[in-house]
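An overview of the molecular structure
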Amino acid sequence: MLYPIIMAGGSGTRFWPLSRKSRPKQFLSLTGEGPLLSLTAQRVGSLAPLSRTYVVCGKAHAAMARKLLKGMPAKNVLVEPIARNTAPAVGLAAAVVARKDPAGIVMVLPSDQHVRDTAGFRRALQAAAKAAQAGALVTIGIKPGHPETGFGYVQQGKVVMKGALPVHAVRRFVEKPDLKTAKKYLASGDYLWNAGIFVFRADRILEELARHMPETTAPLAAIGKAAGTAAFSKVLAEQFPLMPSISIDYGVMEKASGIAVVPADFGWNDVGSFPALPSVRRLDAHGNVAEGETVLVDVADSVVLGSGKRPLAVIGVSGMVVVDAGDAILVCPKERAQEVRKVVEELGKRGLGEVL
């Protein structure tokens, strides 16, 4: 059986002032269709019911996750006692699933991505699940549309499983490249964007965690044993912090053998910062994303988001981000939107935690 595992532990600081510690990116309706977390759960709804779907998140966001995902059993929200990156989070979910279904297929899904072609997304997961059932550790690779320097890449090798969506061996994972290298990757046709979507049997990923991260073995064994019992929360609080903080990519996927990839193209977007919104939102006649009570005069190619509490007027600019969150305002050129993190850091230094 299939078990979607939605990873909802990120902070999303690049969307400040909309995103806050109490309401990070995955809880925002950045596409205008609803919170990204809810959309992720809906996307896999035909593959597995909410009773077999899990969310992994921190303490601060557990109540919000349960509220958004009505119908999901409360126990399926797995609350990390402390942030430990994705390898321990995946291990936690796999240990819980393996307790009742060791050969269950775990589908690790980021909670903060946008998918245009839901049917294509599901087909890619089904192809990956078939390979995972045979024992492979599978990732979904996105066919690149441009030489992106902000993503890691997966180099695909020979076909290891034929089908409507063939499964390829992975030759290697590579870090975020410079522009020259990214252009070479695009021209070769062998490289795919690493979307952070993984599919494998619960028992297989636990085996690989034990092999490549042996310090996780005892904690995950204890957590798995306690799953479904009254002692689970206590054991989790004791054992989870004992595991190292490392991503599943670095901890396992880049080291293990038998890694496979499903090349796919289903309109994927990681919605990484404000300049990504025009690709997932409706635009006005001048290429603007506008929301709230906004007045735009001679404005083009901009993202203007009002709080809805007061009018927001913008005049005579192009390529700008203007965001009014009610208690904080951001104004910057689109090409510098990645520097929002610097603002968050500075606000923290100034003791302005109330707007973080």
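Parameters and conventions
- The residue numbering used here restarts from 1 in each chain and proceeds along that chain's sequence as written.
- Given that this is a predicted model, residues contribute local features only at a pLDDT of at least 70 and side-chain atom pairs are listed and counted only at 80 or more, while totals for whole chains, interfaces and linings are drawn from all residues.
- As a rule here, side-chain values come from all non-hydrogen atoms in the structure, and water together with hydrogens is ignored.
- Note on conventions: DSSP H or I runs of at least 4 residues are helices, E runs of at least 2 residues are strands, and numbering of each starts at the N terminus.
- Only C-alpha atoms enter the radius of gyration; for comparison, a globular chain is expected to reach 2.2 Å times N to the power 0.38, where N is the number of residues.
- Categorising residues by exposure relies on relative accessible area from a 1.4 Å probe, with only protein chains included: less than 20% of the type maximum marks a residue as buried, more than 50% marks it as exposed, and the intermediate range marks it as partly exposed.
- Strand pairing follows a simple DSSP-based rule, namely that at least 2 bridges must link the two strands.
- Helix axes use the C-alpha atoms of the stretch in contact, all axes being lines fitted to C-alpha atoms, and the angles between their N-to-C directions lie in the range 0 to 180 degrees.
- An angle below 35 degrees is read as roughly parallel, one above 145 as roughly antiparallel, one from 65 to 115 as roughly perpendicular, and any other as oblique.
- Here a crossing is taken to be left-handed if its near helix is turned anticlockwise relative to the far helix by less than a right angle, and right-handed if that turn runs clockwise.
- The contact criterion used is simple: two residues touch if any of their non-hydrogen atoms lie within 4.5 Å.
- For this classification, Asp, Glu, Lys and Arg are treated as charged, while Ala, Val, Leu, Ile, Met, Phe, Trp, Tyr, Cys and Pro are nonpolar and the rest, including Gly, are polar.
- Residues grouped as a nonpolar core are buried Ala, Val, Leu, Ile, Met, Phe, Trp, Tyr and Cys residues, joined through side-chain atoms within 4.5 Å.
- Just to be clear on terms, a salt bridge is a Lys or Arg side-chain nitrogen sitting within 4 Å of an Asp or Glu carboxyl oxygen.
- Our arc is simply the arc of the directions from the helix axis toward the C-beta atoms.
- Here is the rule: rings of Phe, Tyr and Trp (six-membered ring for Trp) pair when centre to centre is within 6.5 Å. Planes less than 30 degrees apart are stacked, more than 60 are edge-to-face, and the remainder are tilted.

Topic: the overall build of the chain
- Secondary structure summary: the chain contains 10 helices and 17 strands in total.
- Against the compact-globule benchmark of 21 Å for 356 residues, the chain has a radius of gyration of 21 Å, which places it among compact chains.
- The dimensions of the chain, computed from C-alpha atoms along their principal axes, are 60 × 50 × 35 Å.
- Within the span of the chain, comprising 356 residues, buried residues form 52% of the whole.

Some points on the sheet that holds strand β12 (residues 289-291)
- An order of β12-β14-β16-β17 is seen for the 4 strands of this open sheet, with the pairing classed as mixed. For this open sheet the edge positions go to β12 and β17 (329-333), each flanked by a neighbour on one side alone. Each adjacent strand pair in this sheet contributes to an overall mean axis angle of 5 degrees, direction not counted.

Looking at the packing of helix α3 (residues 86-100) against helix α7 (residues 217-226)
- Two numbers describe how α3 lies on α7: the axes approach to 8 Å, and their chain directions differ by 45 degrees. Between α3 and α7, the interaxial angle falls into the category oblique. When you trace α3 past α7, the crossing you get is right-handed. Where α3 approaches α7, its residues Gly91, Leu92, Ala95 and Arg99 are matched on the opposing element by Leu220, Ile223, Gly224 and Lys225.

Considerations on the packing of α7 against helix α8 (residues 232-239)
- Interaxial distance between α7 and α8 falls to 9 Å at its minimum, and their mutual angle equals 170 degrees. The angle between α7 and α8 falls in the class roughly antiparallel. Where α7 approaches α8, its residues Ala218, Pro219, Ala222, Ile223 and Ala226 are matched on the opposing element by Phe232, Val235, Leu236 and Gln239.
- Here the residues of the contact of α7 with α8 are counted per class, giving 8 nonpolar, 1 polar and no charged.

A few points about the environment of valine 317
- Relative to the helices and strands, valine 317 is located in the loop between β15 (312-315) and β16 (320-324).
- Valine 317 gets classed as partly exposed once you look at its relative accessible area, which sits at 27%.
- Beyond its immediate chain neighbours, meaning those up to four positions away, valine 317 contacts Asp298, Val299, Ala300 and Ser302.

Concerning the environment of phenylalanine 232
- Inspection of the secondary structure puts phenylalanine 232 in helix α8.
- For the pair phenylalanine 232 and phenylalanine 274, spaced 42 residues apart in the sequence, the C-alpha separation amounts to 39 Å.
- Other than its neighbours up to four places away in sequence, phenylalanine 232 contacts Leu78, Leu92, Val96, Ile223, Ala226 and Ala227.

A word on the nonpolar core
- Of all hydrophobic cores here, the largest spans 43 residues; its most connected members are Leu92, Phe200, Phe232 and Ile248.
- Those residues in contact with leucine 92 that lie beyond four places of it in its chain are Val56, Leu78, Leu220, Ile223, Phe232, Leu236 and Phe240.
- Counting residues in hydrophobic clusters, the runner-up holds 36 residues, among them Ile105, Ala131, Ile140 and Trp193.

Let's talk about the pattern of salt bridges
- Counted under the stated rule, the structure contains 13 salt bridges.
- Across the salt bridge formed by lysine 234 and glutamate 238, the nearest N and O atoms sit 2.7 Å from each other. With lysine 234 and glutamate 238 both in helix α8 and 4 residues apart, this pair spans about one turn of that helix.
- Taken together, the shared-partner salt bridges connect Arg204, Glu207, Glu208 and Arg211 into one network.

What about α7?
- The set of residues buried in α7 consists of Pro219, Leu220, Ile223, Gly224 and Ala226. With its buried residues spanning 165 degrees around the axis, α7 presents them on a single face. Seen from the buried face of α7, the exposed residues on the opposite side, beyond 90 degrees, are Ala218 and Lys225.
- Among the structural elements, α3, α6 (202-212) and α8 are those in contact with the buried residues of α7.
- Positive backbone phi, approximately 85 degrees, marks glycine 228, located one or two places after α7.

Considerations on the packing of aromatic side chains
- Applying the stated criterion across every chain yields a total of 7 aromatic pairs.
- Ring geometry for phenylalanine 15 versus phenylalanine 274: centroids 4.9 Å apart, planes at 70 degrees, classification edge-to-face. On the criterion of sequence distance, the pair formed by phenylalanine 15 in the loop between β1 (2-7) and α1 (36-43) and phenylalanine 274 in the loop between β11 (268-269) and β12 is long-range, its members being 259 residues apart.
- Phenylalanine 15 gets classed as buried once you look at its relative accessible area, which sits at 1%.
- Seen from their ring centres, tryptophan 193 and tryptophan 268 are 6.2 Å apart, and the 50 degrees between their planes marks the pair as tilted. With tryptophan 193 in strand β9 (residues 191-201) and tryptophan 268 in strand β11, the pair connects residues that are 75 residues apart, well separated along the chain.
- Classification of tryptophan 193 by relative accessible area gives buried; the value is 5%.
- By relative accessible area, tryptophan 268 is classed as buried at 11%.
- Three or more aromatic residues joined by ring pairs make a cluster, and in this case those are Phe151, Trp193 and Trp268.

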